[in-house]
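Each chain, written out:
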Amino acid sequence: MTDPAKTLCPYCGVGCGLEVVPVAQRPANADQPGQPQWQARGDRGHPSSQGMVCVKGATVAESIDRDRLLHPMLRASLDDPFEPVSWEVALDAIVNRIQAVRQTLGPDGICVYGSGQFQTEDYYVAQKLVKGCLGTNNFDANSRLCMSSAVAGYIHSFGADGPPCCYADLETTDCAFLIGTNAAECHPIAFNRLRKHHKRNANVKLIVVDPRRTDTAKVADLHLAIRPGSDITLLNGIGHLLLRWGALTPEFIDGHTQGFAAYTEVLRHYPPEVVAERCGIAVADLETTARIWADAKAVLSLWSMGLNQSSEGTAKVRALINLHLMTGQLGRPGAGPFSLTGQPNAMGGREAGGLSHILPGYRLVKEAEHRRQVEQFWGLPTGQIAAKPGLSVGEMMLALERQQVGLLWIAATNPAVSLPDLNRTKAALRQSPFTVYQDAYYPTETAAFAHLLLPAAQWGEKTGTMTNSERVITLCPAFRPPPGEARPDWEIFAEVGRRLGFAQQFAFTTSAEVHREFAQLTQGRPCDMTGVSHARLATLGPIQWPCPDSETPDTAATKHDKRLYTDGTFATADGRARFAPVHEKGLAEPPDERYPFVLTTGRLYGHWHTQTRTGRIEKIQKMHPQPFLEMHPRDAEQMPIEEGAWVEVRSQRGLARLPVLVTLNIRRGTLFVPMHWGSLWADDAECNALTHSEVCPISGQPELKACAVQVVPVAHPPLDSTTQALPQATESSILSAAPTS
Ligand SMILES: Nc1nc2c(c(=O)[nH]1)N[C@H]1C(S)=C(S)[C@@H](COP(=O)(O)OP(=O)(O)OC[C@H]3O[C@@H](n4cnc5c(=O)[nH]c(N)nc54)[C@H](O)[C@@H]3O)O[C@H]1N2
Ligand SMILES: Nc1nc2c(c(=O)[nH]1)N[C@H]1C(S)=C(S)[C@@H](COP(=O)(O)OP(=O)(O)OC[C@H]3O[C@@H](n4cnc5c(=O)[nH]c(N)nc54)[C@H](O)[C@@H]3O)O[C@H]1N2
Ligand code: SF4
Ligand SMILES: [Mo]
């Protein structure tokens, strides 16, 4: 029997290790020779997941041969059908277009939009091409919608990006404070590690802050069902009580931070009665929360989109970090502010400089010295990297509206579903004179907006690395050839670079060479991984950064509980962390008489984003057969609406038609729609037809978690929908442990 391929789950940022084994031969067809089918199971040897997987990881292999894009396809306009073309023709079309745009609009007429589902090597080569050789910083990624507030929060508070914690903290904390995160459904294996620790130790407290009673909230000791958007008030309210009780760590504050006085000035305005009223919770619950913070030896906070996806996302993150700074709760086992990463390699993207304001090795575009270091390393003239940060994806849409874009190149993301204010977004995408879309599957919703489709090799078909939430890097090897003519993303970017005349910069022949070069560029940086290489990963297994080349193979291989800032020295110029004196500004679009509900959006356990893979897996389809709207029974009664009735949800921008799921698991006045149903998978069920595009002014992350809507009953549901069952509001997270092999 062949040895199983050891790799990483290509879904969430928990980053579980998988073993993949061939199970049966698939017969040959016109496009492909016969190939084995594959089965994934947990890898017991992986330090982050210890053999566990959730339903997504366990079923991922079932999707890899369904509806793949096999050949480049070209068309003259969006109204024409696609015709298959050779790679030669496709690459010529891109290169000619790039040359023409450089002549007419200049380099900033080129916009590239990538993804946290790239491998680090894909990201790195794209940065070198776009920011280095082309001289525009217009490379952004879907991490803008996901992690950019966490990135900004860490940078502003600590001086550098990078979650300082590790998963071992999930098993050593006395208080897990989960805010704006439904980890039971979205980070199931990390949550499972925490949950086991919580169950075994009666003294360990679990607090969940979420307007919905999610599967995560259901197992908490205390659930604070706050009003959407009131997080900063809550966090400052906790800070107020800690200050009042003197539950501070003065040595830490004095020795390692700056700005405490201004912060305490802010806290004065958040007495418990005011906070409880604004957040819509009981004073007693607020006090209990603060008491748990005060008494715990180690507090670990975990957060994700409930904080990040907000028009004040960075301030929310910093308000949370403030609490850790005032209590000295970080840099030791079980303690710290731990951002749960969304996508499997959003972390690697941040390391490789994959947002429009950053450069490889945790460098910033705005820092002249950082630009100079990267230019020199890439063998480019001084001044080649533009001093101005590039466009965020939201700004790219605005630039399309203003006819300022000559080429839009999208890869590994499905913006025709996932961007906010979707009607306007689609209209903007239609304005693009030339859109290249590089994806593994066809059809996807975004293909309808493309002129040129490029078939991408995906997970298991290309070799590269990914970094998970706890900074652990795993090698993901190719265990099968790409189907049809699909190619790895990094190879496509490198080939375009060579054809543009940058032969020397893109002389890579393997992704191991790409990684070697990238790792060199991290030397001396917070994310130093000069001690990491494909060869070391292949022999030693997953490695956690920082891992400078001085690290011996032994320690690199065995240490997976490294924490950052253990000596209280931060990455700022003076080594001190910064308090942020922030007040709550509230929702960008508060409810009013016409649009009285706050709509929030998010995820379900089985589905992954826009369903490109999970929609093609029967087991998951059965788990979540159709979209729905969650509503509180009292709101339903007032409408009046019954369970299963169809409604039209309307915002100022668009509408969706959905059946109602009446449930106590949501606050009154708040509604929830899952994000997974784009136009391919259901009619009029896109939650982003409703959302708005207001962003956090610091991180540029849109407020995907709240917009104002009205609900109108509709008499006649679409015919094919009446037969489908509504999902049950059940406990999710059935965890399948790895079979013993
Ligand atoms: N099953 C599954 N898992 C996934 C993904 C997936 O598609 N499916 N995607 C991955 C990715 S990329 C990401 S980013 C993560 C996201 O992981 P999560 O952030 O856990 O998921 P979401 O459902 O987007 O949102 C989390 C919670 O925020 C709450 N919330 C809404 N508004 C507020 C607010 O104002 N304050 C607070 N405190 N909470 C609020 C919502 O009710 C929701 O329960 O999941 C990753 N894992
Ligand atoms: N309303 C609302 N909107 C949201 C969110 C929300 O909570 N609410 N969450 C936001 C967040 S956090 C995120 S991360 C985004 C996610 O949104 P998207 O990034 O649009 O979602 P995916 O469905 O993961 O799209 C990934 C695409 O990459 C393709 N792909 C997979 N592997 C590869 C590869 O190796 N190479 C290439 N070229 N293609 C590949 C897949 O086929 C798929 O089409 O959605 C955002 N939008
Ligand atoms: S928790 Fe599930 S989706 Fe996330 S990495 Fe692990 S197996 Fe994959
Ligand atoms: Mo995400």
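Right above here is the structure, for reference.
What you see is a predicted model, and the numbers here were worked out from it, not measured in a lab. (Residues numbered from 1 in each chain as written. Chains lettered and ligands numbered in written order. Predicted model: local features only at pLDDT ≥ 70, side-chain atom pairs only at ≥ 80, totals over all residues. Heavy atoms only, no water.)

Engineer: Any details on the overall build of the protein? Residues and values, ideally.
Structural biologist: Within the protein one finds 25 helices and 30 strands. Here the C-alpha atoms of the protein give a radius of gyration of 25 Å, agreeing with the 27 Å that 2.2 N^0.38 yields for 741 residues. For the protein, the spread of C-alpha atoms along the three principal axes comes to 70 × 65 × 60 Å. With 741 residues in all, the protein has 65% of them scored as buried. For the protein, the proportion of contacts with a sequence separation of at least 24, taken over those separated by at least 6, is 74%. In the structure as shown, the protein presents an accessible area of about 25,500 Å², 51% of it carried by carbon and sulfur atoms. Both charge centroids of the protein, one from 69 positive and one from 76 negative side chains, sit 2 Å from each other. (Helix = DSSP H or I, 4+ residues; strand = E, 2+ residues; numbered from the N terminus. Rg over C-alpha atoms; globule rule 2.2 N^0.38 Å. Buried < 20%, exposed > 50% of the residue type's maximum accessible area, 1.4 Å probe, protein only. Contact = heavy atoms within 4.5 Å. Areas by Shrake-Rupley, 256 points an atom, 1.4 Å probe, with all protein chains shown as cover. Lys, Arg positive; Asp, Glu negative; His and termini not counted. Charge placed at Lys NZ, Arg CZ, Asp CG, Glu CD.)

Engineer: An account of the sheet that holds strand β17 (residues 407-411) is needed here, citing residue identities and associated values.
Structural biologist: With mixed pairing, 7 strands are arranged side by side in an open sheet as β6-β5-β19-β18-β17-β7-β8. Across the chains shown, the open sheet's two edge strands, defined by having one partner strand only, are β6 (83-84) and β8 (139-141). As paired elements, strand β7 (residues 110-114) and β8 share 3 bridges and run parallel to each other. Each bridged residue has a counterpart across the sheet, and for Y113 the counterpart in β8 is D140. Against the sheet, helix α2 (residues 87-104) touches β5 (73-74), β7, β17, β18 (435-439) and β19 (452-455), its axis set at about 125° to β19. Its contacts with the sheet put helix α20 (residues 489-499) on β17, β18 and β19, and the angle it makes with β17 is roughly 155°. (Pairing = 2+ DSSP bridges. Axes fitted to C-alpha atoms, helices over the stretch in contact; angles between N-to-C directions.)

Engineer: Report on the layout of surface pockets, specifying residues and quantitative values.
Structural biologist: What the largest pocket holds in volume is close to 770 Å³. Those elements that place two or more of their residues in the lining of the largest pocket are α4 (148-158), α17 (393-401) and α19 (422-430). No other element matches the 6 residues that α17 contributes to the lining of the largest pocket. The residue makeup of the lining of the largest pocket, split by class, is 16 nonpolar, 12 polar and 7 charged. (1 Å grid on protein atoms, 1.4 Å probe; cavity = no way out; pocket = protein on both sides within 12 Å on 5 of 7 lines; lining within 4 Å. Points joined across faces, edges and corners; volume = space filled by probe spheres on them. Nonpolar A, V, L, I, M, F, W, Y, C, P; charged D, E, K, R; others polar.)

Engineer: Describe helix α8 (residues 231-244), and please don't skip the residues or the numbers.
Structural biologist: Spanning 14 residues, α8 covers 20 Å between terminal C-alpha atoms, matching the ideal 20 Å at 1.5 Å per step. Counting buried residues in α8 gives 12 out of 14 residues, a clear majority hidden from the surface. Here α8 has its buried residues at D231, I232, T233, L234, L235, N236, G237, I238, G239, H240, L241 and L242. Trailing α8 by a residue or two, G246 shows a phi angle of about 65°, which is positive. (Expected span 1.5 Å × (residues − 1).)

Engineer: Tell me about the sheet that holds strand β11 (residues 222-224), and please be specific about residues and values.
Structural biologist: Working definition: the strands of a sheet are paired by backbone hydrogen bonds and lie parallel or antiparallel to each other. The 5 strands lie next to each other as β11-β10-β9-β13-β14, forming an open sheet whose pairing is parallel. Both edges of this open sheet fall to β11 and β14 (336-339), since each of them pairs with a single strand only. Strand-to-strand, the axes of this sheet are offset by a mean angle of 15°, without reference to chain direction. Of the strand pairs in this sheet, strand β10 (residues 205-209) and β11 are connected by 3 bridges, and their pairing is parallel. Bridge pairing in β11 links V208 to H223. Contacts from α8 reach β9 (175-179), β10 and β11, with the element oriented near 155° to β9.

Engineer: Quick one: what's the story with the packing of helix α3 (residues 120-134) against α20, residue by residue and with numbers?
Structural biologist: α20 packs onto α3 with a crossing angle of 20° between their chain directions and a minimal axis gap of 8 Å. Between α3 and α20, the interaxial angle falls into the category roughly parallel. As α3 runs across α20, the sense of the crossing is left-handed. Contact residues: E121, D122, V125, A126 and L129 in α3; D489, W490, F493, A494, V496 and G497 in α20. Tallied by class, the residues present in the contact of α3 with α20 amount to 7 nonpolar, 1 polar and 3 charged. (Parallel < 35°, antiparallel > 145°, perpendicular 65-115°, else oblique. Left-handed = near helix turned anticlockwise from the far one by under 90°.)

Engineer: Can you explain the site of ligand 2? Please cite residues and give values.
Structural biologist: Around ligand 2, the structure places 33 residues, and the nearest of them are N142, S418, D439, T610 and N688. Contacts to ligand 2 include A412, whose backbone N or O atom sits 3.2 Å from an oxygen atom. Calculation on ligand 2 without its partners gives an accessible area of 920 Å², and the protein chains cover 99% of this total. Of the residues forming the shell around ligand 2, the biggest block, 3 residues, is contributed by β18. Of the residues assigned to the shell around ligand 2, the class counts are 13 nonpolar, 14 polar and 6 charged. (Near = heavy atom within 4 Å. Polar contact = N/O pair within 3.5 Å; in protein donor to acceptor, adjacent residues only side chain to side chain.)

Engineer: Can you tell me about the pattern of salt bridges, naming the residues and giving the values?
Structural biologist: Here the idea is simple: oppositely charged side chains can pair when their charged atoms come close. For the coordinates displayed, the defined rule picks out 35 salt bridges. The partner of R498 in a salt bridge is E495, and the shortest N-O contact between them spans 2.8 Å. Highlighted residues: R498 and E495, both in helix α20, separated by 3 residues, approximately one helical turn. Notably, a salt bridge pairs D574 with R578, separated by 3.0 Å at the nearest N-O pair. Several salt bridges share partner residues, and in doing so they unite E88, D92, E495, R498 and R499 into one network. (Salt bridge = Lys/Arg side-chain N within 4 Å of Asp/Glu carboxyl O.)

Engineer: Describe in detail helix α14 (residues 313-327), supporting the description with residues and values.
Structural biologist: An ideal rise of 1.5 Å per residue puts 21 Å on 15 residues; α14 measures up with 22 Å between its terminal C-alpha atoms. The buried fraction of α14 is high, at 15 of 15 residues. Among the residues trailing α14, G328 stands out with phi positive, at a value near 60°.

Engineer: So what's going on with the site of ligand 1? Which residues, and what values?
Structural biologist: Inspection of the region around ligand 1 gives 34 residues, with D210, G229, D231, R603 and H607 positioned closest. Backbone polar atom of G180 to a nitrogen atom of ligand 1: 3.3 Å apart, as the coordinates give it. In this structure, a nitrogen atom belonging to ligand 1 sits 3.3 Å away from a main-chain N or O atom of V209. For ligand 1, whose accessible area on its own is 900 Å², the fraction buried by protein is 99%. Contributions of two or more residues to the shell around ligand 1 are made by α5 (183-186), α13 (305-308) and β24 (597-602). Here the shell around ligand 1 is composed, by residue class, of 11 nonpolar, 15 polar and 8 charged. Shared between two domains, the shell around ligand 1 holds at least three residues of each, these being domain 3 (148-340) and domain 4 (597-727). (Domains from an automatic or database assignment.)

Engineer: Account for the nonpolar core, naming residues and giving values.
Structural biologist: With 122 residues, the main nonpolar core has L234 and W409 as its most contacted residues. Each of domain 2 (73-144 + 344-502) and domain 3 (148-340) gives at least three residues to this core. The residues touching W409, leaving out its near neighbours within four places in the chain, are I94, I98, C111, V112, Y113, L129, V436, Q438, L454, I492, F493 and V496. Residues V14, V53, Y167 and V219 belong to the second largest nonpolar core, which totals 40 residues. (Core = buried A, V, L, I, M, F, W, Y, C linked by side-chain atoms within 4.5 Å.)

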